[in-house]
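The lines below spell out each chain.
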Number of protein chains: 2
Amino acid sequence: MTGREKTSDVFAPITQQMDEIRRDAAEIIPEDDLVRKLERSLARNEPLRVKQGFDPTRPDLHIGHAVSMRKLRTFQQLGHEVIFVVGDYTARVGDPSGRSEARPKLSPAEIDANARTYADQVSSILDVSKVRVEFNSKWLAPLDLAGILELTATYTVARMLERDDFAKRYQENRPISIMEFMYPLMQAYDSVALNADVELGGTDQKFNLLVGRTVQERYGQEPQVCLIMPLLRGTDGDAKMSKSYGNYIGLTEPPEEQYGKTMSIPDALLEEWYELASLLPPAELAVARELVRSNPYQAKRELAAAIARTYHGDDGARRAAEHFDRVFKQKAAPDDLPVVAVSLSDPALRGNENGVSLVGLLVVTGLAGSNTEAVRLIQDGSVAVDGEKHRDRHTYVSTDRDHVLRKGSRHYVKVTFIP
Amino acid sequence: MTGREKTSDVFAPITQQMDEIRRDAAEIIPEDDLVRKLERSLARNEPLRVKQGFDPTRPDLHIGHAVSMRKLRTFQQLGHEVIFVVGDYTARVGDPSGRSEARPKLSPAEIDANARTYADQVSSILDVSKVRVEFNSKWLAPLDLAGILELTATYTVARMLERDDFAKRYQENRPISIMEFMYPLMQAYDSVALNADVELGGTDQKFNLLVGRTVQERYGQEPQVCLIMPLLRGTDGDAKMSKSYGNYIGLTEPPEEQYGKTMSIPDALLEEWYELASLLPPAELAVARELVRSNPYQAKRELAAAIARTYHGDDGARRAAEHFDRVFKQKAAPDDLPVVAVSLSDPALRGNENGVSLVGLLVVTGLAGSNTEAVRLIQDGSVAVDGEKHRDRHTYVSTDRDHVLRKGSRHYVKVTFIP
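Residues numbered from 1 in each chain as written. Chains lettered and ligands numbered in written order. Predicted model: local features only at pLDDT ≥ 70, side-chain atom pairs only at ≥ 80, totals over all residues. Heavy atoms only, no water.

It is worth spelling out the relation of the copies chain A and chain B at this point. When chain A is fitted onto chain B, the two copies agree to an RMSD of 0.6 Å after a turn of 179° and an axial shift of 0.2 Å. Expressed as a symmetry operation, the mapping of one chain copy onto the other fits a two-fold axis. Across chain A, the smallest distance between a C-alpha and the rotation axis is recorded for A:Asp144, namely 2.3 Å. When the interface residues of chain A are mapped onto chain B, 100% of them again fall at the interface, so both copies present the same face. (Least-squares fit on C-alpha atoms with pLDDT ≥ 70 in both. Contact = heavy atoms within 4.5 Å.)

The following block contains the structure:
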């Protein structure tokens with residue numbers, strides 16, 4: 001935390017504002033424009049309008065989203081106006097081509113509920129009471145064909161086809177509906193409607209944000225500055241964090257989950273996560289970077305605590321650390337692990353004189369979806385019985401007492417046998 | 001004229017209808033669909049809806065337009081419903097990009113006036129009282145963004161870029177505004193709004209008409225049949241007839257102009273013009289084709305008479321022929337040629353003992369804009385004095401009597417000298 005909460009009507013000096021805005025930003029396009037806008041803001045004592053879009057069809061936020069949110073907090077602290085644009089219009093319309101499952105049609109009640117959830121989720125980072133929330137149906141719903149022709153006249157086909165995914169699909173002869181050209185224009189029109197000074201987005205949003213600049217200019221406005229934030233990689237270290245990749249840490253997940261998932265990330269991600277996800281102030285970050293080099297394990301524990309602390313306070317972070325010690329560090333099963341009663345007469349168990357097959361047991365307890373998956377899990381070394389790994393698919397487990405089965409690092413089941 | 005005016009509610013047999021529709025058509029896409037539609041029309045005793053667009057920013061019709069008009073008359077005679085779609089919505093909007101001078105913004109009064117002119121002009125070919133006139137603002141004005149997204153979802157970027165002019169410009173890196181993709185979709189939406197069975201257009205409209213098929217299908221309608229009509233070449237024989245090329249014969253031009261312009265076409269155009277512009281019935285056409293081969297000059301005179309007759313009746317055609325004989329054939333000046341009084345003291349005349357220079361005379365009388373142009377006209381053999389051509393730029397004309405100057409085949413001036 002920088003700790004500075006702006007209360008006066010006077011803005012900080014430009015260099016200080018630029019330092020804080022620039023920190024962690026992937027790109028500021030163009031930086032000169034931002035300086036000019038800040039100078040004018042200072043001279044006129046007027047806040048900048050800083051825009052962040054929100055897709056109400058995807059209300060679940062994760063710590064990857066926190067990267068932008070923290071930057072918005074910085075703008076709040078510098079005295080500027082943060083505007084959440086809820087894309088309710090497109091959410092109400094859905095995808096008329098019916099091809100995209102990612103764009104379901106939502107009712108107004110669902111959109112409102114999702115917008116509320118969104119505000120709740122970011123309240124641990126931002127001062128939500130100071131955020132201006134706008135639904136883009138306000139200016140998109142009244143648009144008629146004449147207005148839309150005017151909008152489509154601002155941009156060329158060739159420039160739109162420069163967007164990476166469009167270029168790739170066009171080259172590969174995969175269809176691009178003309179409708180898909182409308183979405184960047186609509187997002188740009190949001191910037192026109194708000195006369196936005198700055199728009200935030202991840203590196204994957206860079207093209208759309210730049211369209212906003214062009215379109216604003218065609219409408220006689222000063223183009224917005226595009227503040228491109230880096231994308232946090234997911235817990236697997238492979239791709240950007242995303243719910244659909246299953247490699248995310250939700251903002252509202254319990255502290256134990258946040259802590260445990262953080263402990264599962266590859267060491268190579270530590271520095272990036274410290275920068276983007278810890279929300280630590282610069283001084284503490286410098287110390288953390290040292291620790292990453294000297295003791296990655298300890299650095300990871302402190303990162304996990306910092307993340308749990310951000311969203312659940314000191315208590316939550318401590319509880320999460322204790323839980324982790326119990327479950328993972330001591331290799332003991334957690335206290336409250338689920339108990340599954342297994343009938344010895346279940347034919348799926350396939351017993352012999354040594355007991356029942358581990359493969360069958362994984363399936364019967366639900367830890368594996370099929371024999372094939374159970375075999376793969378065992379051969380991968382992902383399965384332990386009473387804390388001991390078994391890599392032999394022909395492992396048999398005695399039935400004269402209870403056992404604790406573990407799959408992966410965090411799925412436990414206590415098995416008890418009934419005749 | 002085929003002479004058959006349909007009055008009963010019974011449609012003609014399919015083969016007869018197909019024969020009449022097919023005559024002179026460049027393409028019917030697809031012919032099978034048209035047969036099916038005609039069969040259903042016959043079975044249900046329901047007329048087909050035959051659509052023809054009209055751009056109210058270009059109300060001046062020429063005999064090239066008559067090609068489609070005659071085909072529409074055929075549909076009327078076969079008992080089907082002809083619908084003129086006045087593109088008033090786009091005319092009211094103009095071109096928001098401001099780049100096209102061809103798409104000026106018109107007031108509702110101007111649009112109405114142009115639509116009325118249009119009806120007047122075609123009344124010599126069609127039964128205008130039976131034509132249904134629709135203004136496309138009726139269905140385009142109420143469209144909101146959701147409706148437009150639905151429309152843009154029906155077509156892909158790649159398919160739109162297949163249109164010849166788009167493909168060429170895209171390849172040459174010349175800008176195509178996304179707005180330009182909207183116009184074929186709007187034209188297609190007209191077909192949806194009317195549930196059109198057939199749309200007529202010139203070969204240059206083929207792409208847009210085909211878009212209509214795809215879009216109708218996406219809206220759950222049976223796709224229209226595209227009836228592609230050949231484009232009449234202009235009086236110069238080089239390009240399609242168009243006001244902007246100055247190679248046209250207007251439907252409302254005086255018979256003398258229509259006759260004279262027809263007499264100026266190259267012989268190579270005769271057969272095409274007979275087919276497309278004479279509006280003669282098949283039997284007379286066969287005779288005319290013979291005449292074209294045996295006596296092109298006579299064939300041209302009869303074509304000129306046929307065209308003047310279509311738009312100005314027998315009297316007009318006869319007057320035009322007489323006028324032509326007087327002016328062109330007998331190489332005599334027309335009766336009512338303008339008289340220009342030339343002052344002998346005008347320094348531009350540059351006289352010598354033989355009289356005044358022809359170059360100067362052409363300039364002073366306004367037949368040439370400059371000495372350079374006058375010299376070129378003389379050397380090209382375009383200038384005659386008292387019916388005699390002069391190709392020598394150093395020609396001098398006596399000033400002791402009046403002369404008749406001729407430029408080209410049809411510009412005459414009577415010169416009288418004053419001291």
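Moving on, there is more to tell.
This paragraph deals with the sheet that holds strand 10 (residues 383-385) of chain B. Residue and element names in this part refer to chain B. The sheet built from five strands is open, its strands ordered 7-14-13-10-11 with mixed pairing. The open sheet has two free edges, formed respectively by strand 7 (339-343) and strand 11 (388-389), since each of these has just one partner strand. In this structure, strand 10 lies alongside strand 11, joined through two bridges in antiparallel fashion. Across the sheet, residue valine 385 finds its bridge partner in strand 11, namely glutamate 388. (Pairing = 2+ DSSP bridges. Helix = DSSP H or I, 4+ residues; strand = E, 2+ residues; numbered from the N terminus.)

In this assembly, 32 residues from chain A lie in contact with 32 residues from chain B. When chain A packs against chain B, the two sides together hide about 2700 Å² of surface, and 80% of this comes from carbon and sulfur. For the chain A face of the interface with chain B, the top three residues by lost area are A:Leu145, A:Leu149 and A:Ile178, together amounting to 26%. Looking at the side of chain A that touches chain B residue by residue, the class counts come to 26 nonpolar, four polar and two charged. (Buried area = accessible area lost by both parts, 1.4 Å probe. Nonpolar A, V, L, I, M, F, W, Y, C, P; charged D, E, K, R; others polar.)

Another point: the environment of A:Met263. Residues and elements named next belong to chain A. Its location among the elements puts methionine 263 in helix 12 (residues 255-263). Each C-alpha atom, one on methionine 263 and one on lysine 300, is 6.1 Å from the other, the two residues being 37 residues apart in sequence. If near-sequence neighbours (up to four positions away) are discounted, methionine 263 is found in contact with Tyr297, Lys300, Arg301, Ala304 and Phe324.

All names here are of chain B. One open sheet holds the six strands; their spatial order is 1-6-5-2-3-4, and the pairing between them is mixed. The open sheet has two edge strands with one neighbour each: strand 1 (27-29) and strand 4 (132-135). Neighbour-to-neighbour, the strand axes of this sheet turn through a mean angle of 25°, independent of strand direction. Pairing of strand 5 (residues 198-202) with strand 6 (residues 225-229) involves five bridges; the strand directions are parallel. (Axes fitted to C-alpha atoms, helices over the stretch in contact; angles between N-to-C directions.)

Residue and element names in this part refer to chain A. In the predicted model, chain A carries a mean pLDDT of 88, and the fraction of residues at 70 or more is 93%. Across chain A, the secondary-structure element scoring lowest on mean pLDDT is strand 11 (residues 388-389), at 78, and the one scoring highest is strand 6 (residues 225-229), at 97. In the model, residues 1-7 has pLDDT below 50 throughout and makes 17 contacts with residues more than four positions away in sequence or in other chains. (pLDDT = per-residue confidence, 0-100.)

Here the focus is the packing of aromatic side chains. Under the criterion given, the structure shown has 11 aromatic pairs over all chains. The interplanar angle of 20° and the centroid separation of 3.5 Å between the aromatic rings of A:Phe54 and A:Tyr118 together place this pair among those described as stacked. Of the two residues, A:Phe54 sits in strand 2 (residues 49-54) while A:Tyr118 sits in helix 5 (residues 108-122), which places them 64 residues apart along the sequence. Both residues of the pair, A:Phe54 and A:Tyr118, count as buried. Ring centres 6.1 Å apart and planes at 80° place the aromatic pair A:Tyr170 and B:Tyr170 in the edge-to-face group. Taken as a pair, A:Tyr170 in helix 9 (residues 164-171) and B:Tyr170 in helix 9 (residues 164-171) lie in two separate chains rather than in one. (Phe/Tyr/Trp six-rings, centres within 6.5 Å; stacked < 30°, edge-to-face > 60°. Buried < 20%, exposed > 50% of the residue type's maximum accessible area, 1.4 Å probe, protein only.)

With that out of the way, let us pick up the pattern of salt bridges. All names here are of chain A. The final tally for this structure, using the stated rule, is 66 salt bridges over all chains. Among the ionic pairs, glutamate 172 bridges to lysine 168, the shortest N-O distance being 3.1 Å. It is possible to trace a salt-bridge network through shared partners that takes in Lys37, Arg40, Arg49, Asp197 and Glu222. (Salt bridge = Lys/Arg side-chain N within 4 Å of Asp/Glu carboxyl O.)

Okay, the side chain of A:Lys37 next. All names here are of chain A. You can see lysine 37 is positioned in helix 2 (residues 31-44). One polar contact links lysine 37 to aspartate 197, side chain to side chain, over a distance of 3.0 Å. Here lysine 37 is in contact with Leu48, Ala196, Asp197, Glu222, Pro223, Gln224 and Val225, once residues within four sequence places are set aside. (Polar contact = N/O pair within 3.5 Å; in protein donor to acceptor, adjacent residues only side chain to side chain.)

We now examine the packing of helix 1 (residues 14-22) of chain A against helix 3 (residues 66-77) of chain A. Residues and elements named next belong to chain A. The N-to-C vectors of helix 1 and helix 3 enclose an angle of 165°; their axes lie 9 Å apart at closest approach. Relative to helix 3, helix 1 is oriented roughly antiparallel. Handedness of the helix 1/helix 3 crossing: right-handed. Mapping the contact onto sequence places Glu20, Ile21 and Arg22 in helix 1 and Lys71, Thr74 and Phe75 in helix 3. Residue composition of the contact of helix 1 with helix 3, grouped by class: two nonpolar, one polar and three charged. (Parallel < 35°, antiparallel > 145°, perpendicular 65-115°, else oblique. Left-handed = near helix turned anticlockwise from the far one by under 90°.)

Below, the discussion takes up helix 17 (residues 371-379) of chain A. Residue and element names in this part refer to chain A. Considered for burial, the residues of helix 17 that qualify are Ala374, Val375, Leu377 and Ile378. Take helix 17 and look down its axis: the buried residues cluster within an arc of 160°, on one side only. Here the buried face of helix 17 lies against helix 16 (358-364), strand 10 (383-385) and strand 13 (403-407). (Arc of directions from axis to C-beta.)

Residues and elements named next belong to chain B. As for its position among the elements, aspartate 88 is in helix 4 (residues 88-93). Along the chain, aspartate 88 and aspartate 60 lie 28 residues apart, while their C-alpha atoms are 16 Å from each other. Those residues in contact with aspartate 88, other than ones at most four positions away along the chain, are Pro56, Ile111, Phe135, Asn136 and Ser137.

Moving on, we get to the pairing of strand 13 (residues 403-407) of chain B. Residue and element names in this part refer to chain B. Strand 13 sits mainly inside the fold: four of its five residues count as buried. Pairing between strand 10 and strand 13: three bridges, direction antiparallel. Counterpart to alanine 384 in the pairing with strand 13 is arginine 406. Two elements, strand 13 and strand 14 (residues 411-418), share five bridges in a ladder whose sense is antiparallel. Within the sheet, the bridge partner assigned to leucine 405 lies in strand 14 and is valine 413. The antiparallel pairing of strand 13 with strand 14 creates a hairpin that spans three residues between the two strands, and glycine 408 there sits at a positive phi of about 60°.

All names here are of chain A. As paired strands, strand 2 and strand 3 (residues 81-86) are joined by six bridges and run parallel to one another. Bridge pairing links glycine 53 to valine 85 in strand 3. Bridge analysis of strand 2 against strand 5 (residues 198-202) gives three bridges, and the strand direction is parallel. Within strand 5, the residue paired with valine 50 across the bridge is valine 198.

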